[in-house]
There are 4 protein chains.
Amino acid sequence: MKVGVVGASGYTGEVLVQLLLKHPAVDLAVVTSRAQAGKPLSAVIPALRGVDRGLRFVDSDAAALAASDCALFFLALPHGAAADYARAFVAAGKRVIDLSADFRVADLATYTRYYGAHHAPELLPQARYVLPEIAGERWRSEARLVAAPGCYPTSILVPLVPLLRAGLVSREHIVANSFSGVSGAGKKAAEMYLYVERAESAKAYGLTAHRHLAEIEEQLTLAAKAGGGGEPVVLQFNPHLAPMRRGIATTITVPAAAGATLSALRTAWEAAYGAAPFVQILAEGETPDTAHVVGTNRIDISATYDPRTRNFVLTSAEDNLMKGAGGQAVQIMNLWCGFAEAAGLT
Amino acid sequence: MKVGVVGASGYTGEVLVQLLLKHPAVDLAVVTSRAQAGKPLSAVIPALRGVDRGLRFVDSDAAALAASDCALFFLALPHGAAADYARAFVAAGKRVIDLSADFRVADLATYTRYYGAHHAPELLPQARYVLPEIAGERWRSEARLVAAPGCYPTSILVPLVPLLRAGLVSREHIVANSFSGVSGAGKKAAEMYLYVERAESAKAYGLTAHRHLAEIEEQLTLAAKAGGGGEPVVLQFNPHLAPMRRGIATTITVPAAAGATLSALRTAWEAAYGAAPFVQILAEGETPDTAHVVGTNRIDISATYDPRTRNFVLTSAEDNLMKGAGGQAVQIMNLWCGFAEAAGLT
Amino acid sequence: MKVGVVGASGYTGEVLVQLLLKHPAVDLAVVTSRAQAGKPLSAVIPALRGVDRGLRFVDSDAAALAASDCALFFLALPHGAAADYARAFVAAGKRVIDLSADFRVADLATYTRYYGAHHAPELLPQARYVLPEIAGERWRSEARLVAAPGCYPTSILVPLVPLLRAGLVSREHIVANSFSGVSGAGKKAAEMYLYVERAESAKAYGLTAHRHLAEIEEQLTLAAKAGGGGEPVVLQFNPHLAPMRRGIATTITVPAAAGATLSALRTAWEAAYGAAPFVQILAEGETPDTAHVVGTNRIDISATYDPRTRNFVLTSAEDNLMKGAGGQAVQIMNLWCGFAEAAGLT
Amino acid sequence: MKVGVVGASGYTGEVLVQLLLKHPAVDLAVVTSRAQAGKPLSAVIPALRGVDRGLRFVDSDAAALAASDCALFFLALPHGAAADYARAFVAAGKRVIDLSADFRVADLATYTRYYGAHHAPELLPQARYVLPEIAGERWRSEARLVAAPGCYPTSILVPLVPLLRAGLVSREHIVANSFSGVSGAGKKAAEMYLYVERAESAKAYGLTAHRHLAEIEEQLTLAAKAGGGGEPVVLQFNPHLAPMRRGIATTITVPAAAGATLSALRTAWEAAYGAAPFVQILAEGETPDTAHVVGTNRIDISATYDPRTRNFVLTSAEDNLMKGAGGQAVQIMNLWCGFAEAAGLT
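For clarity, every value in this text was computed on a predicted model and none was experimentally measured.

(A) Local environment of the overall build of chain A. In terms of regular secondary structure, chain A is built from eleven helices and 14 strands. Over its C-alpha atoms chain A spans a radius of gyration of 20 Å, differing by no more than 12% from the 20 Å that the globule rule assigns to 346 residues. For chain A, the spread of C-alpha atoms along the principal axes amounts to about 60 × 45 × 40 Å. The buried share of chain A, reckoned over its 346 residues, is 64%. For chain A, the share of sequence-separated contacts (at least 6 apart) that also reach a separation of at least 24 residues comes to 71%. As presented, chain A carries roughly 11400 Å² of accessible surface, and 51% of it is formed by carbon and sulfur atoms. Separation between the mean location of the 31 positive side-chain charges and that of the 31 negative ones in chain A comes to 3 Å.

(B) Seen up close, unusual backbone geometry. Its identity as a non-glycine residue notwithstanding, B:Thr208 has a phi of 70 degrees, on the positive side. Among the secondary structure elements, B:Thr208 is positioned in the loop between β9 (203-204) and α9 (213-226). Residue B:Thr208 is classed as buried on the basis of its relative accessible area, which comes to 15%. Although it is not a glycine, C:His173 sits at a positive phi angle of roughly 60 degrees. Within the secondary structure layout, C:His173 lies in the loop between α7 (151-165) and β8 (174-180). By relative accessible area, which is 34% here, C:His173 ends up partly exposed.

(C) Representation of the interface of chain B and chain A in the model. Of the residues lining the interface, 43 residues belong to chain B; the matching set on chain A comes to 43 residues. Buried surface at the junction of chain B and chain A, summed over both partners, amounts to about 3600 Å²; 52% is from carbon and sulfur atoms. Connecting chain B to chain A are six salt bridges. Residue B:Glu200 is joined to A:Arg245 by a salt bridge in which the shortest nitrogen-to-oxygen separation is 3.8 Å. Here chain B is connected to chain A by 26 residue pairs in polar contact (both at pLDDT 80 or more). Here the residues of the side of chain B that touches chain A sort into 18 nonpolar, 15 polar and ten charged.

(D) Region of the structure containing the sheet that holds strand β12 (residues 279-281) of chain C. Residue and element names in this part refer to chain C. Strand order in this open sheet of seven strands is β9-β10-β8-β11-β14-β13-β12, and the pairing throughout is mixed. The two strands at the open ends of the sheet, each matched to only one other strand, are β9 (203-204) and β12. Packing against the sheet, α7 makes contact with β8, β10 (235-241), β11 (248-255), β12, β13 (299-306) and β14 (311-318), and its axis sits at approximately 35 degrees to β11.

(E) Layout of the relation of the copies chain C and chain D. It takes a turn of 180 degrees to lay chain C on chain D, together with a shift of 0.0 Å along the axis; the resulting RMSD is 0.0 Å. Accordingly, the operation relating the two chain copies is best matched by a two-fold axis. Scanning chain C for the C-alpha nearest the rotation axis identifies C:Pro243, at a separation of 3.1 Å. When the interface residues of chain C are mapped onto chain D, 95% of them again fall at the interface, so both copies present the same face.

(F) Region of interest: the domain arrangement of chain A. All names here are of chain A. Split by domain assignment, chain A resolves into domain 1 (2-148 + 325-337) and domain 2 (152-318). One C-alpha centre belongs to domain 1, the other to domain 2; they are set 25 Å apart. Counting residues at the interface gives 21 residues for domain 1 and 24 residues for domain 2. Summed over both partners, the interface of domain 1 with domain 2 comes to about 1900 Å²; 56% of that surface belongs to carbon and sulfur atoms. When residues of domain 1 are sorted by the area they lose upon contact with domain 2, Tyr11, Tyr114 and Ile134 head the list and together hold 35% of the total. The interface formed by domain 1 and domain 2 includes two salt bridges. As a salt-bridge pair, Lys187 and Glu14 come within 2.6 Å of each other at their nearest N and O atoms. Here domain 1 and domain 2 share ten residue pairs in polar contact (both at pLDDT 80 or more) between them. Secondary-structure elements contributing two or more residues to the side of domain 1 that touches domain 2 are α1 (11-21), α5 (108-115) and α11 (326-337). Taken together, the residues that form the side of domain 1 that touches domain 2 break down as ten nonpolar, seven polar and four charged.

(G) Structural context of the interface of chain C and chain D. With 44 residues of chain C at the contact, the number on the chain D side is 42 residues. With both sides pooled, the region where chain C packs onto chain D buries about 3600 Å², and carbon together with sulfur makes up 53% of that total. Of all residues in chain C, C:Phe179, C:Glu200 and C:Arg308 bury the most surface against chain D, accounting for 18% of the area lost on that side. Applying the counting criterion to the chain C and chain D interface returns six salt bridges. Here chain C is connected to chain D by 26 residue pairs in polar contact (both at pLDDT 80 or more). Only β8, α8 (195-198), β9, α9 (213-226), β10, β11, β13 and β14 of chain C provide two or more residues apiece to the side of chain C that touches chain D. When its residues are assigned to classes, the side of chain C that touches chain D shows 19 nonpolar, 15 polar and ten charged.

(H) View of the sheet that holds strand β12 (residues 279-281) of chain B. All names here are of chain B. Reading across from one edge, β9-β10-β8-β11-β14-β13-β12 is the order of the seven strands in this open sheet, with mixed pairing throughout. The sheet is open, and its two edges are formed by β9 and β12, each paired on a single side. Two strands pair when backbone bridges link them, and strand β11 (residues 248-255) and strand β14 (residues 311-318) are joined in this way by eight bridges, in the antiparallel orientation. Among the inter-strand pairings, Ala249 is bridged to a residue of β14, identified as Ala317.

(I) Expanded view of the packing of helix α5 (residues 108-115) of chain B against α9(B). Residues and elements named next belong to chain B. One can describe the packing of α5 onto α9 by two numbers: an axis separation of 9 Å at closest approach and a directional angle of 155 degrees. Our classification of the angle between α5 and α9 gives roughly antiparallel. Residues Thr110, Tyr114 and Tyr115 of α5 pack against Leu213, Ala214 and Glu215 of α9. Grouping the amino acids of the contact of α5 with α9 by side-chain chemistry returns four nonpolar, one polar and one charged.

(J) Local environment of the packing of α7(C) against α9(C). Residues and elements named next belong to chain C. At their nearest, the axes of α7 and α9 sit 8 Å apart, and the two run at 15 degrees to each other. Here α9 runs roughly parallel to α7, going by the angle between their axes. The two elements α7 and α9 meet at a crossing, and its hand is right-handed. Taken together, the residues of α9 that come into contact with α7 (itself represented by Pro153, Ile156, Leu157, Leu160, Val161, Leu164 and Arg165) are Glu215, Ile216, Gln219, Leu220, Ala223, Ala224 and Ala226. Classifying every residue of the contact of α7 with α9 gives eleven nonpolar, one polar and two charged.

(K) Structural detail: the pairing of strand β1 (residues 2-6) of chain A. All names here are of chain A. Judged by how many residues are buried, β1 sits mostly within the fold: four of five residues are covered. Judged from the five bridges that link them, β1 and strand β2 (residues 27-32) form a sheet pairing that is parallel. Residue Gly4 lies in a different strand from β2, and its bridge partner there is Val30. Once you follow β1 into α1 and on to β2, the crossover reads as right-handed.

Thresholds applied
Residues numbered from 1 in each chain as written. Chains lettered and ligands numbered in written order. Predicted model: local features only at pLDDT ≥ 70, side-chain atom pairs only at ≥ 80, totals over all residues. Heavy atoms only, no water. Helix = DSSP H or I, 4+ residues; strand = E, 2+ residues; numbered from the N terminus. Rg over C-alpha atoms; globule rule 2.2 N^0.38 Å. Buried < 20%, exposed > 50% of the residue type's maximum accessible area, 1.4 Å probe, protein only. Contact = heavy atoms within 4.5 Å. Areas by Shrake-Rupley, 256 points an atom, 1.4 Å probe, with all protein chains shown as cover. Lys, Arg positive; Asp, Glu negative; His and termini not counted. Charge placed at Lys NZ, Arg CZ, Asp CG, Glu CD. Buried area = accessible area lost by both parts, 1.4 Å probe. Salt bridge = Lys/Arg side-chain N within 4 Å of Asp/Glu carboxyl O. Polar contact = N/O pair within 3.5 Å; in protein donor to acceptor, adjacent residues only side chain to side chain. Nonpolar A, V, L, I, M, F, W, Y, C, P; charged D, E, K, R; others polar. Pairing = 2+ DSSP bridges. Axes fitted to C-alpha atoms, helices over the stretch in contact; angles between N-to-C directions. Least-squares fit on C-alpha atoms with pLDDT ≥ 70 in both. Domains from an automatic or database assignment. Parallel < 35°, antiparallel > 145°, perpendicular 65-115°, else oblique. Left-handed = near helix turned anticlockwise from the far one by under 90°. Right-handed = clockwise from strand over helix to strand, strands pointing away.

This is the structure we're talking about:
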């Protein structure tokens, strides 16, 4: 099956390209980048020296791509830039997996509040937000366009969603703290992302109003509904920059629901993820470490209960460029197109 | 004034020694370490090459030290080891500043629950827990022995205590997440602290039961009492190891008290810290960065309010070896002995 | 084909195990470690969570392993510990790839001078030192036991050997400077390898007498002989520890032979490596970067000529745990057993 | 004594400002930066929060500055930009210490070959290149303008110059390899200096033609002349970027002169540096570590001899922003103005 990547010259795009080049069931036929058009992949992604099959970046052209024989396209463009491609591809019957936030939020008012005017709202009904382990299966037949979740949202939704659905945690007083490697900020040359500025530095940023709140709270509210709650869920999301290249460590503090036990929590997790190849539930007493997941599509999770505060403390670790972006996008493709879920991801 | 440091060969002791060697008002007369006895300071602390005044480590001997002409001793020993020295020094009328946890907790039952049997409980009435900016002044005349606060506790108490005293925040649902450089773990050669294990790695540890909860909750409860509350304060404290050498970044989420505003919070901070040379209240919209404080005795703090959750989010950054340990100990000495508060700390 | 790894709980062993678990043509049947016997692979190598096929470490037993149906064994033991296994395996007709230095040096006197008494000198005639790109092909039929080269030697021999063979460089005044990630020191818990000691630190060590000189100079002398020289080659080898986990960057300064040009050098490299899947000759003006090769089995090399000094300056970058150890061992197996050279290494 | 810093908003300027603010004998009266004009120092240099004495950056104006009552100016501008200031200040009888390369090279042809047209050649006769430990004392009365040496040159000249003067080393086949923290590249926002690009990365750059060769070879040639040699000295200088913020580790391989011994080398070093407060000669067997000198004005050096190659291997470690730039500039001021050599540098 031929696939293409649109906008492949940032960190997310590079990881996606590397995964697709090695995927046993697809043929990466086209890789676009306006800025790098004409250059061999290995000239821009040196890790691909010798293995880029001579592929070169081409300039983006939505119509030409839509007319090509690629069956599926990944969009790895900056927010807001995906609209034209999405329209053209969906109209041409191509499958689209979008890594930007453009189609992650179903409620248009919410999207607009965080991101500004939507560029292709008419596509929203055909779009599905797919975090594979919690999205069920109907999207595979319903979606024409899939929105891959954001990196921070993945790290928060995986631990929390099954617990909200099972009514095991409160919908109030949820606090999620995340520490992210610097690649999450993208490849732009700005002073604050210089090595000298970020090494040996930890810093909170984007407090109270990070854009990822839009999809996080929409998904948590849906999960709470399934668990019997009607109110929208809001949470405190505190992101931080960490002095590392890749990885997200998230720690969520949430009051236990009345009568909820750690044992019941683990049971809910087992039910949700016991068969999931990319979610590892750690043993009691263990906590995840980003170094153990970077380079893999895995998210490790653990939980503990504090009888003094009656909170559950949930922790997760993922690679922001893999399970948080490119790896998850490939996992979505695998499920959508009927490949083995872990194809090309081991 | 002659001073001595007992147990100076860990990271905390090394920083303390470097500060005292440059202090304009004291003469560092003796530095002890069983393991390094006989070696020049610069052989163990290479940063001191050329400036260690020929000083050598000597073996610890409580009686001899107590009989010396040092007026004040810093104890930088592992927890539980300070007791004999504390006894001998207090009996000899020497001032003692202890950097371990041994005298930080007034309630013996609490101490025992977290640390085990206390080795010198009879000294507790003469001990004072001194975080200078919140400890008031009476300790200067009352204390015979001062307990310097722990690194994490400093990063949590500085932002929270004035707000509890002023009744501006809830005493429930407090969540403190901290992210610490690896030097906080000490200089012991254990596999988990190897460079290869800790670089590019972020990881939660010590969840729900970290020893520092003992002093944190005792101090927060005192502050809440002053603010009119009677119940003990418990909080969720989530520490993490960060891939950096020094620094602690702490982010505290706490519900605002009814009617409390960000403006009132800033007023309370200004009142508490406006004249404090080592607390910097950042402008609105700014957040602290550990890289800006490492190497200084400063703690930078900032606050924001989230109308959706009605939480305050407070952040702080300090150097775990300076304001979190050695620097704060020198600051305590300055205040105790009548030197300029910032002497030797600029 | 069933294979086993003896001594798999250091950094080199862990990388080897991860490669063999994913190798399309082999079945990793046994993994031994005295210290970790009984534990699942994923308990010791967390990166393998979910993909370790339930394999557990077993205790080392040379006789039992020799009697098993594994056709080939990798020895990843500390220097000097391989002898018994090597003997038992060779006697049983198993193929052996040794990652230690025990069989890398043909001259017993040289070996003894650097490493001490040899534990299995009778095996030396059946052993071959195999850096695949320079070892030719005869070893595939002659060797009963293959010694995989050391990490630093690989980074020095790849650039230099073709040039000595072609008589393009002097055999005197060779200077090789190398910077290595800390994983090259192994997984032992020693203070000097702690994160706090090695972060933000660059330091020379092992000057003039590093053990790797034994194999480096033996191989360079062989190459010089082929190029018409008779004298042994000695070089200055200056290793350094760098504040990173993996990677070796080596820079070699060597006088050009009379009449040698950069163009002739590139021709010699092309002839030697043009078809080598794991050696990348960079374009003029480019220099290698360890970050571009870590995680791959590739070594990138470049060369420049300085008309003022009449030196060639050769640079190389490799991953010390891949091309410098585990990856190269798998590459050797592939060639020895008739698999595709890059099998399991892309 | 009032001093000023022109162009203070790069990493070198920031360190210089921090040193001068704490200097006991000078009053930092003016700090200029076109880009940051109007902002408080602490807004641009967060490490100065609370201690910047309310100073603000002002826009550069050579005439106004020359007419002020500052007695000495530091120029921390990019190469080529210092000319107008230098002229105005020298004409007004102000002392000038220039941290750029503009006045480091006495030979105009050499300067032009590496840097392009010189902007103020008429000042060259009044300029002196001052590496304090090797510059003697005459410059203090002769110079109207002092050129502070570059960071790499300092790390190479300190070990080599006394040995060339004493005829202990060859003037040929000198190879200097240096490994520098990323701050040496300055504060410009370019992709290659982003955290994600530089972390876990070691890479050679600027091979054979680095601009610092101009001053390095001019100084080495002078030293060789003093030792009896007439030929110009050329050397191989191989710089590398290291994954750290600050520090330079340099390793120099140079053939020993006939009859030269390690003992004679150490004697020559002792004679040259025994009384130098900022040069530490390490004991035999020790090698310098950048982590031990960063933050200090110290350069640590060590030497060893290899009887197989008959080379000396010299190593040095310094902080590129201190002894390699700002710290050395303050040291120069101290000597020039009659302050204690180490004033403000301990």
